[in-house]
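Descriptive analysis of the structure
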Amino acid sequence: MQIVVFSAKPYDRQFLDAANAACGSPHVLTYLEARLSPETAALANGAQAVCAFVNDQADAAVLVDLAGRGIRILALRSAGFNNVDLVAAQRLGITVARVPAYSPESVAEHTVAMMLSLNRHIHRAYARVREGNFALDGLLGFDMHGRTAGIVGTGRIGLAVARILRGFGCRLLAHDPYPAEEGAALGLEYVDVPTLLARSDIVTLHCPLTPATHHMIDAAAIAQMRRGAMLINTSRGAIVDTRAVIAGLKSGAIGLLGLDVYEEEADLFFEDLSGQMLQDDIFARLLTFPNVLVTAHQAFFTTEALTAIAETTIGNITAFAETGQALHAVSTEKLA
Ligand code: NAI
């Protein structure tokens, strides 16, 4: 198949080329740095498959354009699919495939790295020591052992986080409309969201972005949290209302904040903007807090995860080419 890969970085090319070379009948891949959008959809002309990532825009207008150009499969290099209008895709006969399970540990380990960095102020200590400042004031942390962590969403990543935190000796609360079978063995206590927020020293988000989870952490939710608690979001930016979180940081309601995702990240993340003026004042405000740690959607970024993403993506397209069905097709039922 002819595949146009949008938002392609050098590392995407490296891992996709390797996976493609290893598959029986290699495809023809064209790599584009451009993000998929109404302006760039025409670049898929002549191809049958489009490969997209988290900030590519696959709304109804873009999908209509792609369908008109003969695109039959949209292969996402991600687990999340909130950027795709699945109803429109189904109507237009475009199969949407994703990578449901690529190293959940990659995201879980980054999540816990953020917890530890924030708790022990590693991001500040690193800069201090290099400046010759060896004072400890302001770097006081807490033992993870015995603390309560609330995990919102106990799918693959949430459970991987639970396994690590269990090793630290944390008490584990969880909320998920579909509690995991493994939950009891891991010592997870399933509770409703208000209870989880009220009892957790650390709240960590691992649910997908859906209409139900959009701005789940808003001013009302923050008011229910333990004062000074840690909030971590490595899931999708818009699960958190950033303005409400900034207010929570200013009042001290939120003590520590770790974000790997941001609701307006599409204009920022994955690019080197160091030579430009930051135009997003909300994001700029976030960066002023010493108790905030932001990474630019890098939780998935491990060798193991990129290998698995590339292999599954090529596998999805190969299966579609051979049978008309992707291995990991997303259906509109998953919207629920
Ligand atoms: P998963 O599908 O295995 O698990 C998601 C869980 O969330 C399911 O158990 C589901 O029942 C639960 N859930 C759904 N609605 C909920 C709600 N209202 N409240 C609480 N739980 C709810 O997905 P997985 O692989 O664990 O990924 C989770 C999310 O992590 C993805 O949707 C994606 O947005 C994000 N992600 C972020 C990455 C990064 O690099 N930062 C990389 C990969 C995924």
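Residues numbered from 1 in each chain as written. Predicted model: local features only at pLDDT ≥ 70, side-chain atom pairs only at ≥ 80, totals over all residues. Heavy atoms only, no water.

What follows concerns the sheet that holds strand β1 (residues 2-5). Taken in spatial order, the five strands of this open sheet run β2-β1-β3-β4-β5, and their pairing is parallel. On the outer flanks of this sheet lie β2 (28-31) and β5 (95-97), each paired with one strand and no other. In this sheet, adjacent strand axes meet at a mean angle of 20° when their direction is disregarded. Taken together, the three bridges between β1 and strand β3 (residues 49-52) define a ladder with parallel strand orientation. Along β3, the bridge assignment pairs valine 5 with cysteine 51. (Pairing = 2+ DSSP bridges. Helix = DSSP H or I, 4+ residues; strand = E, 2+ residues; numbered from the N terminus. Axes fitted to C-alpha atoms, helices over the stretch in contact; angles between N-to-C directions.)

Another aspect to go through is the site of the ligand. Around the ligand, a shell composed of 24 residues is seen, among which Tyr102, Arg156, Ile157, Asp176 and Thr234 lie nearest. With respect to the ligand, the side chain of histidine 297 contributes an N or O atom lying 3.5 Å from an oxygen atom. Compared with its free state, where it exposes 860 Å², the ligand has 86% of that area covered by protein. Per-class residue counts for the shell around the ligand are eleven nonpolar, nine polar and four charged. (Near = heavy atom within 4 Å. Polar contact = N/O pair within 3.5 Å; in protein donor to acceptor, adjacent residues only side chain to side chain. Areas by Shrake-Rupley, 256 points an atom, 1.4 Å probe, with all protein chains shown as cover. Nonpolar A, V, L, I, M, F, W, Y, C, P; charged D, E, K, R; others polar.)

Quick look at helix α6 (residues 156-168) now. For α6, spanning 13 residues, the distance from its first C-alpha to its last is 19 Å, which sits close to the expected 18 Å at 1.5 Å a residue. Buried residues of α6: Gly158, Leu159, Ala160, Val161, Ala162 and Leu165, and no others. Against the buried residues of α6 lie α4 (104-119), β6 (148-152), β7 (171-175), α7 (183-186), β8 (188-190) and β9 (202-205). Directly beyond the C-terminal end of α6, a positive phi value near 90° is found at glycine 169. (Expected span 1.5 Å × (residues − 1). Buried < 20%, exposed > 50% of the residue type's maximum accessible area, 1.4 Å probe, protein only. Contact = heavy atoms within 4.5 Å.)

Put simply, α4 and α6 touch, their axes get as near as 8 Å, and they point 50° apart. As the angle between them shows, α4 and α6 are arranged oblique. Considering the relative orientation of α4 and α6, their crossing is right-handed. Along its contact with α4, which presents Pro104, Glu105, Val107, Ala108, Glu109, Thr111, Val112, Met115 and Leu116, the element α6 presents Arg156, Ile157, Ala160, Val161, Arg163, Ile164, Leu165 and Phe168. (Parallel < 35°, antiparallel > 145°, perpendicular 65-115°, else oblique. Left-handed = near helix turned anticlockwise from the far one by under 90°.)

In this section: the environment of alanine 22. In this structure, alanine 22 sits in helix α1 (residues 10-22). For alanine 22, a relative accessible area of 68% translates into the label exposed.

Further remarks concern the packing of α1 against helix α12 (residues 303-323). Their axes nearest at 8 Å, the elements α1 and α12 cross at an angle of 55°. With respect to α12, the axis of α1 lies oblique. Pair α1 / α12 crosses with right-handed handedness. Of α12, the residues touching α1 (which contributes Tyr11, Phe15, Leu16, Ala19 and Asn20) are Thr303, Leu306, Thr307, Ala310, Glu311, Thr313 and Ile314. Looking at the contact of α1 with α12 residue by residue, the class counts come to seven nonpolar, four polar and one charged.

With the rule as written, the count across this model stands at six aromatic pairs. Between tyrosine 262 and phenylalanine 283 the ring centres are 4.9 Å apart and the planes differ by 45°, which places this aromatic pair in the tilted class. With tyrosine 262 in the loop between β11 (254-259) and α11 (281-286) and phenylalanine 283 in helix α11, this pair connects stretches of sequence that are 21 residues apart. Given a relative accessible area of 7%, phenylalanine 283 falls into the buried group. For the ring pair phenylalanine 269 and phenylalanine 283, a centre distance of 5.9 Å and an interplane angle of 70° mean the geometry is edge-to-face. (Phe/Tyr/Trp six-rings, centres within 6.5 Å; stacked < 30°, edge-to-face > 60°.)

Time to look at the pattern of salt bridges. All chains considered together, the criterion is met by nine salt bridges. For arginine 163, the salt bridge is made with glutamate 105, and the minimal N-O distance between the two is 3.9 Å. In this pair, arginine 163 sits in helix α6 while glutamate 105 sits in helix α4, placing the two residues 58 residues apart along the sequence. By relative accessible area, glutamate 105 is classed as partly exposed at 34%. For the salt bridge of arginine 163 with glutamate 182, the shortest nitrogen-to-oxygen distance reads 3.1 Å. In this pair, arginine 163 is assigned in helix α6 and glutamate 182 in the loop between β7 and α7, connecting sequence segments 19 residues apart. Here arginine 163 falls in the partly exposed class, since its relative accessible area comes to 37%. (Salt bridge = Lys/Arg side-chain N within 4 Å of Asp/Glu carboxyl O.)

Right, let's talk about the environment of aspartate 192 for a bit. Within the element layout of this structure, aspartate 192 appears in the loop between β8 and α8 (193-199). Once the C-alpha coordinates of aspartate 192 and valine 152 are considered, the two residues, 40 residues apart in sequence, prove to be 9.8 Å apart. Among the polar contacts made by the side chain of aspartate 192, one reaches the side chain of threonine 195 at a distance of 2.5 Å.

Of all residues in the protein, 99% have pLDDT values of 70 or greater, and the mean over the chain is 96. By mean pLDDT, the top-scoring element of the protein is β9 (99), and the lowest-scoring one is α7 (96). (pLDDT = per-residue confidence, 0-100.)

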